[in-house]
Amino acid sequence: MNKIFSLLLLSVVAFVLSVGYTFKPAQAKLPLGVKLHLSAYGFFEGKLAHLQPVAGVVPYTLNTPLFSDYAQKSRFIRLPQGSTARYHAQEVFEFPVGTILIKNFFYPIDARQPNKGRRLVETRLLIHETKGWRALPYVWNKAQTEATLEVAGDTKKVSWAGVQGNTRALDYMVPNVNECKGCHVRGKQMKPIGPSARQLNGTLAYAGQPKNQLLHWQKTGMLQGLPPLAQVPKAPVWNKPTTGNVAARARIWLDINCGHCHRPDGPANTSGLFLYIHEQNPARLGILKSPIAAGTAARHVEYDIVPGKPMQSLLVTRLMSTNSGERMPELGRQLVHKESLRLIKQWIKEMKN
Amino acid sequence: MIQKWLWLIIWLGLPCITVAQDSTYKQWQTRLIMAQDGDTIHLPAGVFYFKKSLSLEGKNNITIQGQGMGKTVLNFKHQTSGAEGIRLSNGKQITIQDLTVQEAKGDAIKAIQIRGITFRRVETEWTGAHEGIKGAYGLYPVFCQQVLAEHCQARGACDAGIYVGQSSNIVVRYCEVEQNVTGINLENSTRADVYGNLAMNNACGILVMDVPVVMIDNGGQIRVFDNKIVANNHRNFAPKGAMVAGVPSGSGIVVVATSRVEIFGNELIDNRSIGTGVFRYDLIGFETTYDKFNPYPSQIAIYNNRYQRQAVAPTLHGKLAKLRFAPHKVPHILYDGDMDPAQKGKSVLCLRNNQVLDQSPLFANIDAANGFKHIRKNEKDYNCQLPKLPKVWVGL
């Protein structure tokens, strides 16, 4: 009887605490320019969930995007009126203060039947303020009528029917603002990752008309300094063999999934392993490099990459892992991306010693 | 009948505990995000389970204050996101004290790019048998300056209990480290005082090592003194690819590839394989041809230490496995004898006033470069002195 009473007391106390401890973001004062609700920014017209951009909010895509647990993404950029981005050959473009990058994450209800619609999970904003970029995660409600700022992030149960008809389910983790900085940082500065020349150099349909994004940006006054297109780097599409060989597609996949941290001025520079597109030194790329601080992930392997031997390479073990202390990337995925794993394994397999 | 109602209320209440945990995470993480420079964040007593890492980013002059080791306990055994329990990054003057971090899926507390990081009365641990290797580092400052770890406890890490990497101006003192693979591990770090610690029942008590292909190529100017290094004969349960996997179980204080190290005033008792070892990188680590890295240790001063061991066989492995010593004839100090050609004519190793309280020889040059063929117990050849390293200040 005593046991039951203490269990009862425990659960009543827990209930009271859980109600009492709920944090109300509306009570905190928001910084200037930061809104509690996504609708307040006025990016979209009509039903918010349709993501119909107003004039000045321009959609964009990347040739090879980040893997985020099979979430699909809808990206937009809004430059302050009359301002332009500045072209950069190697890194993300220079965007003027006031630029907002908008990234919406969603899952189809059924991947085989797009007409069944989608469920928006989160929208991430990167706002270029005078002091630097600020990252803000917004979480969509079940009714899909609004997304609300959650600085501490959130966890949402999502499920969808995959292309093979199988149901997939996931505790989707919306990052907190510190986790945003965990990837979106170079040196000590927050920076966008996606919109670079090589990633934007591709075709997108604008009002039904397919155009090269960079040419469109230049034409509409969004971009200055664009050289002739033939001189602009172009990233292959990781899963389209016609756009590049295995090595090129593996390198761009690593660049966009890992290179923001694994570069000399990125948060994983402590490892000495550099996976961004510009790394040429085989030792720093991980070839026959001993792992640094890999913890339990290194339980069966001795080197980051062993040419010809993907299963003896820590890079592969990390991509295959679902243990949060061992997997890579550290944040942003929980599932294994089987399709790109195949590509990376093939790249290592084809490496000569 | 009453019982049935009670059970119903219990089953309704238990899910609320889960909600309470998730909202504790949100509450604490929000406080860390909203903290203003100069704030102290008080954490209550209790055991708190978290599924995600807690992170403090880009703040200055913050103290994270628990109610005490074992009193404020953060447990990460249900962790599904984040590679460490607590992450502190990009800041100045951060102090974390009086709490315990348990069962992180990766490292317990990581501090990266902080100038002025203090760990005080912090306990990190992984419990349970080591069949499934767990964790990695207990305390993990990396790329930091002005690092202080004092009165901390670290237990059960499959790499290092207290690790300091690619950092400078470091003091690790009055800590207790046990049942880790390495109790305290300094890597590619510069200017460190490691003193007054107890390292017991680890595979290796204290390891000072440089490793290749990282941004800081070599460390140095490390003083390891007045420590009690006792019975570090724990099985080496490091993952195969870990840098420390090559350190033999039964090691007291080992220096690998680092230069300008002073080891003095320590009590090294019952470390069955190596009381103090001085080795070139690839004797312990893996093959490397990285040209920016110096694999040779040099200017190592070992003096005023006391050595004692029981007459048991050493447990050497890896490249040292072929070394054979009879149980009562294991020299306390082992030097691999492979000298850096660039150091010719200079003092690579100096030994003075070390006391042996048993029948074992003090020292052997194990001639590692020649397959241990000509082992020489020639400590007299190393009777020299090196310039003393200065005391390390961490500005506190």
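In this text, all values refer to a predicted model and were calculated from it rather than measured experimentally.

A. Looking closely at the state of the cysteines. A full pass over the atoms with the stated rule returns one disulfide over all chains. Two residues, cysteine 350 of chain B and cysteine 384 of chain B, share a disulfide whose sulfurs are 2.0 Å apart. Handedness here is read from the sign of the S-S torsion; for cysteine 350 of chain B and cysteine 384 of chain B, about -110°, the answer is left-handed. Pair noted here: cysteine 350 of chain B is in strand 27 (residues 349–352) and cysteine 384 of chain B is in the segment after strand 29 (363–365), with a separation of 34 residues, a long-range link. By relative accessible area, cysteine 350 of chain B is classed as buried at 2%. According to the relative accessible area criterion, cysteine 384 of chain B is buried, its value standing at 19%. A disulfide-free cysteine, cysteine 258 of chain A has its sulfur positioned 8.7 Å from the sulfur of cysteine 261 of chain A, the nearest such atom.

B. Region of interest: the interface of chain A and chain B. Counting residues at the interface gives 54 residues for chain A, matched by 61 residues for chain B. Summing both partners gives a buried area of about 4,900 Å² for chain A against chain B, and 64% of it is carried by carbon and sulfur. Our count for the contact surface shared by chain A and chain B stands at twelve residue pairs in polar contact (both at pLDDT 80 or more). Its residues placed into classes, the side of chain A that touches chain B shows 26 nonpolar, 17 polar and eleven charged.

C. Inspection of the sheet that holds strand 3 (residues 57–60) of chain A at higher detail. All names here are of chain A. Spatial ordering of the open sheet is given by 3-4-6-7-8-9, a layout of six strands whose pairing is antiparallel. What marks the edges here is a single partner per strand, and that holds for strand 3 and strand 9 (147–149). Strand-to-strand twist across the sheet, computed as the mean angle between neighbouring axes with direction ignored, equals 25°. Sheet analysis places strand 8 (residues 132–140) next to strand 9, joined by three bridges and oriented antiparallel. Looking at strand 9, one finds that tryptophan 140 is bridged to alanine 147.

D. Main features of the confidence of the model for chain B. Per-residue confidence for chain B gives a mean pLDDT of 92; residues scoring 70 or more make up 94%. For this predicted complex, the interface confidence score (ipTM) comes to 0.87, while the overall pTM stands at 0.91.

E. Highlighting the packing of aromatic side chains. Scanning the model with the defined rule gives 26 aromatic pairs over all chains in all. Taking the centre distance of 5.4 Å and the plane angle of 75° together, the rings of tyrosine 140 of chain B and tyrosine 163 of chain B count as edge-to-face. One end of the pair, tyrosine 140 of chain B, is in strand 8 (residues 137–142); the other, tyrosine 163 of chain B, is in strand 11 (residues 160–165), with 23 residues separating them in the sequence. Their ring planes at 15° and their centres at 4.9 Å tell us that tyrosine 195 of chain B and phenylalanine 225 of chain B sit as a pair that is stacked. Here tyrosine 195 of chain B is found in strand 15 (residues 190–195), whereas its partner phenylalanine 225 of chain B is found in strand 18 (residues 220–225), with 30 residues between them in sequence. For the pair shown, tyrosine 195 of chain B and phenylalanine 225 of chain B are each scored as buried. Here a set of aromatic residues connected by ring pairs shows up, and it is made of Tyr60, Tyr87, Phe93, Phe95, Trp133 and Trp217 of chain A. A cation sits over an aromatic face here: arginine 118 of chain A above phenylalanine 106 of chain A, 4.6 Å from the ring centre. Of note, lysine 391 of chain B hangs over the ring of tryptophan 393 of chain B, and the distance from its end group to the ring centre comes to 4.7 Å.

F. Representation of unusual backbone geometry. Looking along the chain, the bond that leaves methionine 328 of chain A and enters proline 329 of chain A is cis, with omega of -10°. Note on placement: proline 329 of chain A falls in the loop between helix 7 (314–320) and helix 8 (338–349). Within the chain, tyrosine 70 of chain A stands out as a residue other than glycine whose phi angle is a positive 65°. When you line up the elements, tyrosine 70 of chain A lands in the loop between strand 3 and strand 4 (72–78). Phi is positive for tyrosine 174 of chain B, close to 55°, though the residue is something other than glycine. Along the polypeptide, tyrosine 174 of chain B turns up in the loop between strand 12 (168–173) and strand 13 (176–178).

G. Structural view of the pairing of strand 17 (residues 204–209) of chain B. Residue and element names in this part refer to chain B. With respect to burial, strand 17 is a largely interior element, six of its six residues being buried. Pairing analysis gives five bridges linking strand 14 (residues 182–187) to strand 17, with the strands arranged parallel. Opposite glutamate 187, over in strand 17, you have methionine 209 as the bridge partner. Strand direction decides the pairing type here: strand 17 and strand 20 (residues 251–256), joined by five bridges, are parallel. Note on strand 20: the bridge partner recorded for isoleucine 206 is isoleucine 253.

H. Up close: the packing of helix 5 (residues 246–257) of chain A against helix 8 of chain A. Residues and elements named next belong to chain A. Packing of helix 5 against helix 8 leaves a shortest axis separation of 9 Å and a crossing angle of 125°. Taken together, the axes of helix 5 and helix 8 are oblique relative to one another. In this structure, helix 5 crosses over helix 8, and the sense of that crossing is left-handed. Contacts between helix 5 and helix 8 involve Val246, Ala247, Arg249, Ala250, Arg251, Trp253 and Leu254 from the first element and Ser340, Leu343, Ile344, Gln346 and Trp347 from the second. Across the contact of helix 5 with helix 8, the residue classes break down as eight nonpolar, two polar and two charged.

I. Examining the nonpolar core more closely. Counting 69 residues, the largest nonpolar core has Leu88, Ile109, Phe119 and Leu349 of chain B as the members making the most contacts within it. No other element matches the seven residues that strand 7 (residues 107–125) of chain B contributes to this core.

J. Focus on the environment of glutamine 334 of chain A. If you trace the backbone, glutamine 334 of chain A turns up in the loop between helix 7 and helix 8. Judged by relative accessible area, glutamine 334 of chain A falls into the buried class, the value being 17%. Setting aside anything within four residues of it in sequence, one finds glutamine 334 of chain A in contact with Asp69, Leu170, Asp171, Tyr172, Met173, Thr322 and Arg327 of chain A together with Thr80 of chain B. A polar contact of 2.6 Å, which involves the side chain of glutamine 334 of chain A, links it to the backbone oxygen of aspartate 171 of chain A.

K. Summary view of helix 5 of chain A. Residue and element names in this part refer to chain A. Given a rise of 1.5 Å per residue, twelve residues ought to cover 16 Å, and the 16 Å separating the end C-alpha atoms of helix 5 matches this to within 8%. The set of residues buried in helix 5 consists of Val246, Arg249, Ala250, Arg251, Ile252, Trp253, Leu254, Asp255, Ile256 and Asn257. Against helix 3 (197–200), helix 6 (282–285), helix 7 and helix 8 lie the buried residues of helix 5. A side-chain oxygen of the first residue of helix 5 lies 3.3 Å from the backbone nitrogen of alanine 247; this N-cap is asparagine 245.

Definitions and limits used
- Residues numbered from 1 in each chain as written.
- Chains lettered and ligands numbered in written order.
- Predicted model: local features only at pLDDT ≥ 70, side-chain atom pairs only at ≥ 80, totals over all residues.
- Heavy atoms only, no water.
- Disulfide = S-S within 2.5 Å.
- Helix = DSSP H or I, 4+ residues; strand = E, 2+ residues; numbered from the N terminus.
- Buried < 20%, exposed > 50% of the residue type's maximum accessible area, 1.4 Å probe, protein only.
- Contact = heavy atoms within 4.5 Å.
- Buried area = accessible area lost by both parts, 1.4 Å probe.
- Polar contact = N/O pair within 3.5 Å; in protein donor to acceptor, adjacent residues only side chain to side chain.
- Nonpolar A, V, L, I, M, F, W, Y, C, P; charged D, E, K, R; others polar.
- Pairing = 2+ DSSP bridges.
- Axes fitted to C-alpha atoms, helices over the stretch in contact; angles between N-to-C directions.
- pLDDT = per-residue confidence, 0-100.
- Phe/Tyr/Trp six-rings, centres within 6.5 Å; stacked < 30°, edge-to-face > 60°.
- Lys NZ or Arg CZ within 6 Å of the ring centre and 35° of its normal.
- Parallel < 35°, antiparallel > 145°, perpendicular 65-115°, else oblique.
- Left-handed = near helix turned anticlockwise from the far one by under 90°.
- Core = buried A, V, L, I, M, F, W, Y, C linked by side-chain atoms within 4.5 Å.
- Expected span 1.5 Å × (residues − 1).

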